[in-house]
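Structural overview
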Amino acid sequence: MQTSLQDHQWHIAGPGAIGLLIHSFLYKANPDLPPILVNRSLQGTFTTYNLTNCDQKIETLPVQWFEKQHHISHLIVTTKSHQVIDCIKALSSYLQPDATILLLHNGLGVQQQAIDTWPDFHFYLGTTTEGAWKQADNIVVHAGTGDTRLGNFTNKQPQWWLQSELRDIGFMWQDNILAQLHLKVAINAAINPLTILFECQNGQLLASPDRLSLMRALCEETYLVLTAEGYPITDLVSKVTQIAERTSANYSSSYQDWANQRKTELFSMNGYIQTLGKKHNIKTPTHDKVMAEVAKKAIL
Ligand SMILES: NC(=O)C1=CN([C@@H]2O[C@H](COP(=O)(O)OP(=O)(O)OC[C@H]3O[C@@H](n4cnc5c(N)ncnc54)[C@H](OP(=O)(O)O)[C@@H]3O)[C@@H](O)[C@H]2O)C=CC1
Ligand SMILES: CC(C)(CO)C(=O)C(=O)O
């Protein structure tokens, strides 16, 4: 039996920092069509959560959780990259055969795996520069505003997008989203593992010749591999340097995962470049060395 879900009602799987932030955007845009949260256990926990906005105001928002009678037609997955496949597997019997699924995580590789595993679902790929973190299970802090872009493998805007609630909350359609995602991976692959190796903030990578030369070597290999894959990124070193300067005081997401003994997403950043290197027969010795060193201290 199906409960009273409405057309286009979004489910959000992964009630972490980004999941709750997007929940709050959708809820505030249309409280009559609240998004539905899905957690790992498929059983709701908290009934409200607190959101600290960028201007330090605190709002309390109600939560509606997934129920096993639901048929999911629209899903946003906001787990970490290594949790995406298991998350969709756990939901596969509740997803409509032609469900729309937006994957919103860092890194690459998992998106193709999802599309290959479930060819009938309509997958969309996204990336966000919003910043958020969890203070507790039901407390989220919106640390910095950013933008969220989505697209698909075909670059064709679907009909649903024109009336989508996602437009109301400022999400933007991005032609060639894959180019955007490859650029992000190239930047992450040059910064994130090094912040774990040197136990430093992003900006401190620019402070010594040793760190800079490793960063350059990673960029050179990434450039060759991504060019072979059809995504040549010009001036990658200066793009990486600019981001490291702009986020100078930040600890990268991988550093934070390592510092909190969580699995990092490096397998879908440097690991993705290594996989493409093998595919195109291009050696990636710096990525290999850096990943081997990071593996001694972090969960890859
Ligand atoms: N936070 C940020 O500022 C930004 C994050 N991103 C990216 O967004 C993605 C999400 O990041 P973030 O929100 O910080 O990560 P979090 O770890 O805070 O959130 C992930 C959530 O997914 C849950 N989860 C794991 N497996 C499942 C499952 N099978 N079903 C349902 N829920 C599940 C986790 O629960 P559990 O705790 O039980 O594992 C957790 O609540 C990452 O790829 C990240 O790199 C991108 C830009 C900025
Ligand atoms: C751009 C950068 C490196 C900012 O910290 C990031 O995306 C991350 O930490 O994952």
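Cut-offs used in this document
- Every chain's residues receive numbers from 1 upward, in the order its sequence appears when written.
- Chains carry letters from A onward and ligands carry numbers from 1 onward, assigned in written order.
- Given that this is a predicted model, residues contribute local features only at a pLDDT of at least 70 and side-chain atom pairs are listed and counted only at 80 or more, while totals for whole chains, interfaces and linings are drawn from all residues.
- Pairs of strands are assigned from DSSP output, requiring at least two bridges between the strands.
- Secondary structure counts use DSSP, requiring at least four H or I residues in a row for a helix and at least two E residues in a row for a strand, with both numbered from the N terminus.
- Residues are scored as being in contact if the C-beta atoms we place from backbone atoms lie within 7 Å.
- Axes here refer to lines fitted to C-alpha atoms; in helices the fit is confined to the stretch in contact. Angles between the N-to-C directions go from 0 to 180 degrees.
- Any angle that is under 35 degrees is reported as roughly parallel, and any over 145 degrees as roughly antiparallel; angles of 65 to 115 degrees are reported as roughly perpendicular and all others as oblique.
- The crossing is said to be left-handed when, going from far helix to near helix, the turn is anticlockwise and less than a right angle, and right-handed when the turn is clockwise.
- Exposure criterion: with C-beta atoms placed from backbone coordinates, a residue whose C-beta has 20 or more other C-beta atoms within 10 Å is buried, one with 12 or fewer is exposed, and one in between is partly exposed.
- As used here, the arc is the angular range of directions from the helix axis to the C-beta atoms.
- We call a residue near a molecule or strand when the C-beta position, derived from backbone atoms, sits within 6 Å of it.
- Any residue that is not Ala, Val, Leu, Ile, Met, Phe, Trp, Tyr, Cys, Pro, Asp, Glu, Lys or Arg is counted as polar, Gly included; the first ten are nonpolar and the last four charged.
- UniProt positions are given in the numbering used here, feature names are shortened, and annotations may be inferred rather than shown by experiment.
- As used throughout, a nonpolar core is a set of buried Ala, Val, Leu, Ile, Met, Phe, Trp, Tyr and Cys residues joined through C-beta atoms within 7 Å of each other.
- Here the bounds of each domain stem from an automatic or database domain assignment.

1. Description of the sheet that holds strand 8 (residues 122-128)
The strand order 5-2-1-6-7-8-11-12 describes an open sheet built from eight strands, whose pairing is mixed. Each edge of the open sheet is held by one strand with a lone partner, namely strand 5 (64-65) and strand 12 (172-173). Bridge analysis of strand 1 (residues 10-13) against strand 6 (residues 72-77) gives four bridges, and the strand direction is parallel. Across the sheet, His-11 pairs through a bridge with Leu-75, a residue of strand 6. Set on the sheet, helix 1 (residues 17-29) makes contact with strand 1, strand 2 (36-38), strand 6, strand 7 (95-104) and strand 8; between it and strand 1 the angle comes to about 160 degrees.

2. What about the packing of helix 7 (residues 209-228) against helix 8 (residues 236-246)?
At a minimum axis separation of 9 Å, helix 7 and helix 8 run at an interaxial angle of 130 degrees. Accordingly, the angle class assigned to the pair helix 7 and helix 8 is oblique. Helix 8 is crossed by helix 7, and the crossing has right-handed handedness. Counting all contacts with helix 7, which are made through Met-215, Arg-216, Cys-219, Thr-222 and Tyr-223, the residues of helix 8 involved are Leu-236, Val-237 and Val-240.

3. As for helix 8
By the burial criterion, the buried members of helix 8 are Leu-236, Val-240 and Ala-244. The buried residues of helix 8 occupy one face: seen down the axis, they fall within an arc of 70 degrees. When the buried face of helix 8 is taken as reference, the exposed residues oriented beyond 90 degrees from it are Ser-238, Gln-242, Glu-245 and Arg-246. Buried residues along helix 8 sit against helix 6 (177-197) and helix 7.

4. Some remarks on the sheet that holds strand 4 (residues 58-62)
Within the open sheet, the four strands sit side by side as 4-3-10-9. Their pairing is mixed. Edge positions in the open sheet fall to strand 4 and strand 9 (131-136), since each of these has one partner strand only. This sheet shows a mean twist of 25 degrees between the axes of neighbouring strands, independent of strand direction. Bridge count between strand 9 and strand 10 (residues 139-144): five bridges; the pairing is antiparallel. Looking at the pairing, Ala-136 lines up with Ile-139 of strand 10. Those strands touched by helix 1 are strand 3 (48-52), strand 4, strand 9 and strand 10, and its axis lies near 105 degrees from that of strand 9.

5. Quick word on the site of ligand 1
By nearness alone, 28 residues border ligand 1, and Gly-14, Gly-16, Cys-87, His-105 and Asn-106 come closest of all. Listed by contribution, the elements that provide at least two residues to the shell around ligand 1 are helix 1, helix 2 (84-91) and strand 9. Among the elements that take part in the shell around ligand 1, strand 9 stands out by supplying four residues, more than any other. Of the residues in the shell around ligand 1, the class split is nine nonpolar, 13 polar and six charged.

6. Things to note about the UniProt feature "domain: Ketopantoate reductase N-terminal" (unreviewed entry) in the protein chain
Residues annotated in UniProt with the feature "domain: Ketopantoate reductase N-terminal" (unreviewed entry) correspond here to residues 10-154. Taken end to end, residues 10-154 is 20% helix and 40% strand, and its two terminal C-alpha atoms sit 22 Å from one another.

7. Points about the pairing of strand 11 (residues 148-151)
Pairing geometry for strand 8 and strand 11, over four bridges, is antiparallel. Along strand 11, the bridge assignment pairs Leu-125 with Gly-151. In this sheet, strand 12 lies alongside strand 11 in parallel orientation, the contact comprising two bridges. Counted as the bridge partner of Leu-150 is Trp-173 from strand 12.

8. Remarks on the UniProt feature "domain: Ketopantoate reductase C-terminal" (unreviewed entry) in the protein chain
Look at the UniProt record and you will see "domain: Ketopantoate reductase C-terminal" (unreviewed entry) annotated at residues 176-297. What you have in residues 176-297 is 66% helix and 0% strand, and the ends, taken at the C-alpha atoms, are 36 Å apart.

9. What about the nonpolar core?
Grouped together as the largest cluster of nonpolar side chains are 72 residues, with contacts concentrated most on Leu-75, Ile-76, Val-77, Leu-103, Ala-190, Met-215 and Val-240. For this core, the element with the highest residue contribution is helix 6, accounting for 10 residues. In this structure, this core is formed jointly by two domains, domain 1 (10-174) and domain 2 (179-295), each of which donates at least three residues. For Val-240, the residues in contact, after removing those within four places along its chain, are Ile-187, Ala-190, Ile-191, Met-215 and Cys-219.

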